[in-house]
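Structural overview
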Amino acid sequence: SQQGEEDPQALSIQEGENATMNCSYKTSINNLQWYRQNSGRGLVHLILIRSNEREKHSGRLRVTLDTSKKSSSLLITASRAADTASYFCATVLLPGFQKLVFGTGTRLLVSP
Amino acid sequence: DVKVTQSSRYLVKRTGEKVFLECVQDMDHENMFWYRQDPGLGLRLIYFSYDVKMKEKGDIPEGYSVSREKKERFSLILESASTNQTSMYLCASSMISAANTGELFFGEGSRLTVL
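In this report, we go over the structure that sits alongside the text. All values derive from a computational prediction rather than experimental measurement.

1. A look at the interface of chain A and chain B
At the junction of the two partners, chain A supplies 24 residues and chain B supplies 29 residues. Together, the buried faces of chain A and chain B total about 2,100 Å²; carbon and sulfur atoms form 49% of this surface. For the pair chain A and chain B, the interface holds one salt bridge. When the shortest N-O distance is used, the salt bridge between Arg41(A) and Glu108(B) registers 2.3 Å. Our count for the contact surface shared by chain A and chain B stands at seven residue pairs in polar contact (both at pLDDT 80 or more). Those elements that provide at least two residues to the side of chain A that touches chain B are β4 (29–37), β5 (43–50), β9 (85–93) and β10 (100–102) of chain A. If you tally residues by element for the side of chain A that touches chain B, the top one is β4(A), at five residues. A class-by-class count of the residues in the side of chain A that touches chain B yields eight nonpolar, 13 polar and three charged.

Below, the structure is given as structure tokens:
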């Protein structure tokens, strides 16, 4: 079963613009993670935010978490063509085992 | 540099064949996972393992089995491949940590086509 739903499914922007992707989930979580996938490749971990955190930064990435709304957003600032990829949110559920449940992803296209 | 290696990037098999997908990690991680990825469906968990010789069913285990004889190696087996198992298969590993973050390290994927 899918825990997360990303929105939008696809996003097309110009280099230099900001890209915002949203993720909604259904049940209580331990943490939420964002991953990136280049076409035809494996996923790479980008950033993790714990359930007791509201915002986190890493370079050009900013993640927010609203546990009351069961939602998260990933902001990529000053995007580059190399940011073109699919982005997935994944949640670690409570309680118990460290099994991640993934959303369906947002496809980001950044044009030069 | 940490690494999860999947033995085959691309495979083409015929219906009814037995298929082995191999995954090796060099990070001494306890947990290993097999996901399949299909357009519009995201990643779905097939099986996972939290220790040698231990395995747990994920969300879609039907038609698959797994083997974990050594800590570093986790194999996915399709006993009799069918066309609806055409997909991208992703192996991942993670460590057991007190922080319980569950961060995954992925292999490059194995794209399987069943004819």
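2. Quick look at the state of the cysteines
Residue and element names in this part refer to chain B. Inspection of the entire model under this criterion finds two disulfides over all chains. Disulfide pairing places Cys 23 opposite Cys 91 at an S-S distance of 1.9 Å. Judged by the sign of its S-S torsion, about -75 degrees, the bond between Cys 23 and Cys 91 is left-handed. Taken together, the residues Cys 23 in strand β4 (residues 23–25) and Cys 91 in strand β10 (residues 87–94) connect sequence positions 68 residues apart.

3. Considering the pattern of salt bridges
Residues and elements named next belong to chain B. The final tally for this structure, using the stated rule, is ten salt bridges over all chains. Close ionic contact of Glu 79 with Lys 18 constitutes a salt bridge, the shortest N to O distance being 3.5 Å. Here Glu 79, found in the loop between β9 (73–78) and β10, pairs with Lys 18, found in the loop between β2 (10–13) and β3 (19–21); they are 61 residues apart in sequence, far enough to count as distant. Judged by relative accessible area, Glu 79 falls into the partly exposed class, the value being 44%. Judged by its relative accessible area of 44%, Lys 18 is partly exposed. The salt bridge partner of Lys 53 is Glu 69, with a shortest N-O separation of 2.4 Å. Here Lys 53 is found in the loop between β6 (42–49) and β7 (56–57), whereas its partner Glu 69 is found in strand β8 (residues 65–70), with 16 residues between them in sequence.

4. Comments concerning the sheet that holds strand β8 (residues 71–76) of chain A
Residue and element names in this part refer to chain A. Read from one edge to the other, the open sheet built from five strands follows the order β1-β3-β8-β7-β6, with strand pairing classed as antiparallel. Of all the strands in the sheet, the pair left with one neighbour each is β1 (5–7) and β6 (55–58). Averaged over all neighbouring strand pairs, the angle between strand axes comes to 15 degrees, with direction disregarded. With six bridges connecting them, strand β7 (residues 61–66) and β8 associate as antiparallel partners. Counted as the bridge partner of Arg 62 is Leu 75 from β8.

5. Some thoughts on the nonpolar core
Grouped burial of nonpolar side chains is what soluble globular proteins tend to show. Core analysis: the biggest nonpolar cluster contains 21 residues, and Trp34(B), Ile46(B), Leu76(B), Leu78(B) and Tyr89(B) have the highest contact counts within it. Elements that contribute at least two residues to this core include exactly β3, β5 (31–38), β6, β9, β10 and β12 (110–114) of chain B. For this core, the element with the most residues is β9(B), which contributes three residues. Every residue in contact with Tyr89(B), bar those within four places of it in the chain, is listed here: Gln6(B), Leu21(B), Trp34(B), Tyr35(B), Arg36(B), Ile46(B), Tyr64(B), Leu76(B), Leu78(B), Gly109(B), Ser110(B) and Leu112(B). Among the nonpolar cores identified, the runner-up in size contains 20 residues, and Ile49(A), Leu61(A), Val63(A) and Tyr87(A) belong to it.

About the criteria used
Residues numbered from 1 in each chain as written. Chains lettered and ligands numbered in written order. Predicted model: local features only at pLDDT ≥ 70, side-chain atom pairs only at ≥ 80, totals over all residues. Heavy atoms only, no water. Contact = heavy atoms within 4.5 Å. Buried area = accessible area lost by both parts, 1.4 Å probe. Salt bridge = Lys/Arg side-chain N within 4 Å of Asp/Glu carboxyl O. Polar contact = N/O pair within 3.5 Å; in protein donor to acceptor, adjacent residues only side chain to side chain. Helix = DSSP H or I, 4+ residues; strand = E, 2+ residues; numbered from the N terminus. Nonpolar A, V, L, I, M, F, W, Y, C, P; charged D, E, K, R; others polar. Disulfide = S-S within 2.5 Å. Buried < 20%, exposed > 50% of the residue type's maximum accessible area, 1.4 Å probe, protein only. Pairing = 2+ DSSP bridges. Axes fitted to C-alpha atoms, helices over the stretch in contact; angles between N-to-C directions. Core = buried A, V, L, I, M, F, W, Y, C linked by side-chain atoms within 4.5 Å.

Purely geometric numbers; function is a separate question.
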